[in-house]
Each structure stands twice: as C-alpha cells, then as structure tokens.
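Listed below are the residues making up each chain.
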Amino acid sequence: MTRLSGITPSGHVQLGNYLGAVRRWAAEREPEDLFFVSDLHAMTTPNRPQRLRALTREQFAVLLAAGIDPDSVFVQSDLAGELGALNWILECTCSFGEAARMVEFKERGAGQDGSRVGLLTYPVLMAADILLQGASQVPVGSDQDQHVELARTLARRFNSHYGQVFVVPEAVVPKTAARVRDLADPGRKMEKSSPQSPGVVFVLDEPDVIRRKFRRAVTDGLDRIRYDPDDQPGVANLLEILAACTGTSPYTAAGSTSTYAELKDVVAETVIEELRPLRRRTLELLDDPAELDRIRSHGAKRATERAQPRLQAAFHVTGLR
Ligand code: TYM
C-alpha cells in the first residue's frame with residue numbers, strides 16, 4: 001500500500017491541516033509513504049517568490065517535525081518535469097465540465113475573467129501527483145475528497161481507454177477533525193490562506209496567541225455544552241478539536257467541562273500542549289538549512305525514481321513514444 005498526500009505552501013500550516021492531515025500522516029508510518037509540499041499548487045493565486053520559498057521550507061520542516069520519516073518527504077517542484085508531462089496527459093483525459101464542477105474552483109475562480117487557468121486545472125495536477133506515484137490511499141481532510149474522486153475518475157478512464165497503467169486511489173478522511181472550522185466564523189473551514197482571520201490557529205503560533213484566539217472563539221447563546229454541529233457549530237468545533245487532540249469522541253469531550261469559558265480554556269491548553277513539541281522541533285530544523293536541503297535532495301531523488309517507470313508506461317500506451 002502506498003499512501004501519498006500533499007500540503008500547499010499558500011500560508012502557514014494551521015490547526016486544521018495538522019489535525020485533519022499531517023498528524024495522521026505521521027502516526028501510521030508505512031515504508032512506501034510519500035508526503036510532499038505542493039509548491040506548484042501555490043501558484044494558482046498571486047504570491048511573492050521569496051514568501052513561497054520561505055513557506056515551502058517551513059512546511060517541509062513541519063512535516064519532518066511532526067514525525068514523518070525523512071525518506072518519505074519531498075517538494076513537488078523537484079519533480080516538475082515528470083508532473084508537467086503527466087499533467088498534460090491527464091488534462092487531455094479530463095473534460096472542461098469536470099474541472100469546472102470542482103467546489104474550490106466554483107468558490108474561488110468561476111465567473112472571474114482574471115482568475116488563473118491553473119485554478120481550474122489544479123485538481124488535474126493533483127491527480128498527476130497521486131497517479132504518478134501509484135498511490136492507493138490519499139489521507140486528506142474532507143475538503144479534498146472531491147479532488148481525489150476526480151483522480152479516481154481519471155485513473156479509471158485512462159486505464160479503460162489506453163490500458164492498465166494507474167492504481168485507482170481512494171481518499172481516507174479522518175473520523176474527527178475532518179473539517180476544522182474557523183474559530184471566529186464557524187460557518188467556514190479553517191484556512192491557512194486567511195492570515196488576517198483571528199479565528200485561524202497556526203501551528204507555530206506562540207502559546208499566548210493561541211490562548212487569545214480560543215478565548216475569542218465564537219460560540220452561541222444557548223449556554224449548553226452538547227455536540228450539535230448544526231445548531232451549535234462553534235461549540236461543536238471546539239469539541240472536535242478537543243476530541244482529536246485527546247483521542248476521544250466529541251460526544252465524550254462534551255462531558256468534560258460545564259461553561260463555555262472553561263471549555264475554551266481546556267481546548268486552548270490541550271492544543272498548546274499538543275503543538276509544543278512540533279513547534280520546538282520545527283524551529284530547530286529551520287535553524288539547520290543544510291540538513292533540510294540534504295533531506296530534500298534525497299526525497300526528490302527517491303520520488304523521481306519511483307515516478308519514471310509509470311510515466312514511461314503512460315507515454316507508451318498513449319502512443320507518445
Ligand atoms: P491544503 O494545503 O489545503 O491542505 C493540506 C491538508 O490539510 C487538510 N485540511 C484540513 N483538514 C481539516 N480541517 C481543515 N480546516 C483543513 N484544511 C485543510 C486538507 O484536506 C489536506 O489534506 N491540494 C492540496 C494539496 C495536494 C494534495 C495532492 C493532496 C496537492 N497534491 C495530492 C493530496 C494528494 C491542498 O491544497 O491541501
């Protein structure tokens with residue numbers, strides 16, 4: 001079984017990325033695993049080169065600090081040649097309608113003349129990431145489910161049209177924290193690209209900043225602690241975060257405190273303790289750029305070697321070589 005997943009350096013890693021994805025990547029180590037920083041994906045929206053480079057390095061360090069095996073990590077653009085080639089083949093396997101139906105495109109780019117074509121085709125590049133490495137499982141938060149479904153569709157279509165080349169992947173979504181919500185606006189998911197939002201907890205935030213963000217978390221006027229995501233999304237979010245950090249269910253977590261203020265304090269302290277070693281280790285790694293570069297080159301070599309035979313097979317069956 002090969003598990004593969006990625007994280008985009010469009011901002012600092014936030015709590016949803018960690019609880020919904022990165023922490024699980026590290027928890028169930030498999031020798032064939034591959035996890036990467038998807039810097040090519042960060043180009044779908046405007047960015048500054050220096051910031052992109054710094055965020056890529058930071059995210060790479062977070063993956064390692066979380067406990068992912070150094071043999072399993074790489075940076076997407078180190079495989080830009082192989083991915084670019086397969087991306088084109090898959091763009092020619094995907095219909096315009098399929099790409100335009102992706103929720104993320106509909107929310108961010110549809111109907112806007114100036115939005116980048118990459119925003120439309122980005123799920124196809126994601127399919128290239130997955131299919132190039134022959135991944136069978138893709139551990140993601142629920143927001144990426146639809147994109148993995150597209151990768152499944154493209155793998156099946158390609159295989160039936162040209163011949164068996166690709167493994168058909170499946171998304172693996174966690175039971176708790178599959179969609180951590182913004183603390184200030186529980187109607188939205190927590191997102192790293194909303195840096196101004198007081199409701200986004202970044203994994204490298206100082207403990208006092210985390211305390212402040214939780215203290216200001218939006219709840220409701222019902223004054224009861226119950227896990228009810230429809231009627232009490234703010235409280236449900238706090239309970240999900242607590243449950244994910246303590247390994248219980250949000251229903252059980254609901255019994256641990258009696259007031260909203262107490263709940264917020266307990267969640268804040270639990271999150272601070274959960275993130276403390278991650279933060280320390282990330283900062284240590286960022287202090288050793290030579291070691292990060294060494295791990296990055298090794299990962300690039302391994303991922304490229306794994307990608308080559310499948311790419312050659314795709315060229316062959318399509319009549320390109
Ligand atoms: P990205 O960087 O938006 O998110 C990285 C991972 O974090 C999960 N996630 C969340 N989980 C729970 N609650 C949230 N609020 C939350 N926000 C994000 C995401 O589901 C994801 O698992 N396109 C991808 C990166 C990517 C990729 C791939 C993933 C590129 N190629 C191939 C899988 C396979 C992205 O931008 O994730």
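The residue numbers shown here count from 1 along each chain, following its written sequence. Local features in a predicted model are, by the rule used here, given only for residues with pLDDT of at least 70; side-chain atom pairs are given and counted only at 80 or more, and totals for whole chains, interfaces and linings are based on all residues. As a rule here, side-chain values cover all heavy atoms of the structure and leave hydrogens and water aside.

Per an unreviewed UniProt entry, the protein carries the name Tryptophan--tRNA ligase and comes from Saccharopolyspora oryzae.

(A) Examining the site of the ligand more closely. Residues in contact with the ligand amount to 28 residues; listed here are only the nearest, Thr-8, Asp-129, Asp-143, Val-180 and Lys-192. By the criterion applied in these results, polar contacts are pairs of N or O atoms within 3.5 Å in which, for protein atoms, one can donate a hydrogen and the other can accept it, and in which residues neighboring in sequence qualify only through two side-chain atoms. In the model, an oxygen atom of the ligand is placed 2.7 Å from a nitrogen or oxygen of the Thr-8 side chain. The backbone of Gly-141 places a nitrogen or oxygen atom 2.8 Å from an oxygen atom of the ligand. For accessible areas, the Shrake-Rupley method is used with a probe of radius 1.4 Å. Any residue's cover is judged against the shown protein chains and nothing else. In isolation the ligand has 720 Å² of accessible area, and contact with the protein removes 96% of it. Definitions used throughout: a 1 Å grid over protein atoms alone; a cavity as a set of points that fits a 1.4 Å probe which cannot get out; a pocket as an open set with protein on both sides within 12 Å along at least five of seven lines; a lining residue as one with an atom within 4 Å of a point. If over half the atoms of a molecule are within 2 Å of the grid points of a cavity or pocket, the molecule is regarded as sitting in it. More than half of the atoms of the ligand fall within 2 Å of the grid points belonging to the largest pocket. Contributing elements (two or more residues each) for the shell around the ligand: β1 (4-7), α1 (15-27) and α6 (117-132). Amino acids outside the nonpolar list (Ala, Val, Leu, Ile, Met, Phe, Trp, Tyr, Cys, Pro) and the charged list (Asp, Glu, Lys, Arg) are all regarded as polar, and Gly is one of them. Of the residues in the shell around the ligand, the class split is 13 nonpolar, eleven polar and four charged. Residue proximity to a molecule or strand is established when one non-hydrogen atom of the residue lies within 4 Å of it. Strands are runs of DSSP state E lasting at least 2 residues, helices are runs of H or I lasting at least 4, and numbering of each runs from the N terminus.

(B) Representation of the sheet that holds strand β3 (residues 73-75) within the structure. If DSSP finds at least two bridges between two strands, the strands pair. With parallel pairing, three strands are arranged side by side in an open sheet as β1-β2-β3. Lying at the two open borders of the sheet, with one neighbouring strand each, are β1 and β3. When the angles between neighbouring strand axes are averaged without regard to direction, this sheet yields 25 degrees. In terms of strand pairing, strand β2 (residues 34-37) meets β3 through three bridges, oriented parallel. Bridge assignment links Val-37 to a residue of β3, and that residue is Val-75. The axes used here are C-alpha line fits, helices contributing only the stretch in contact, and every angle between their N-to-C directions lies in the interval 0 to 180 degrees.

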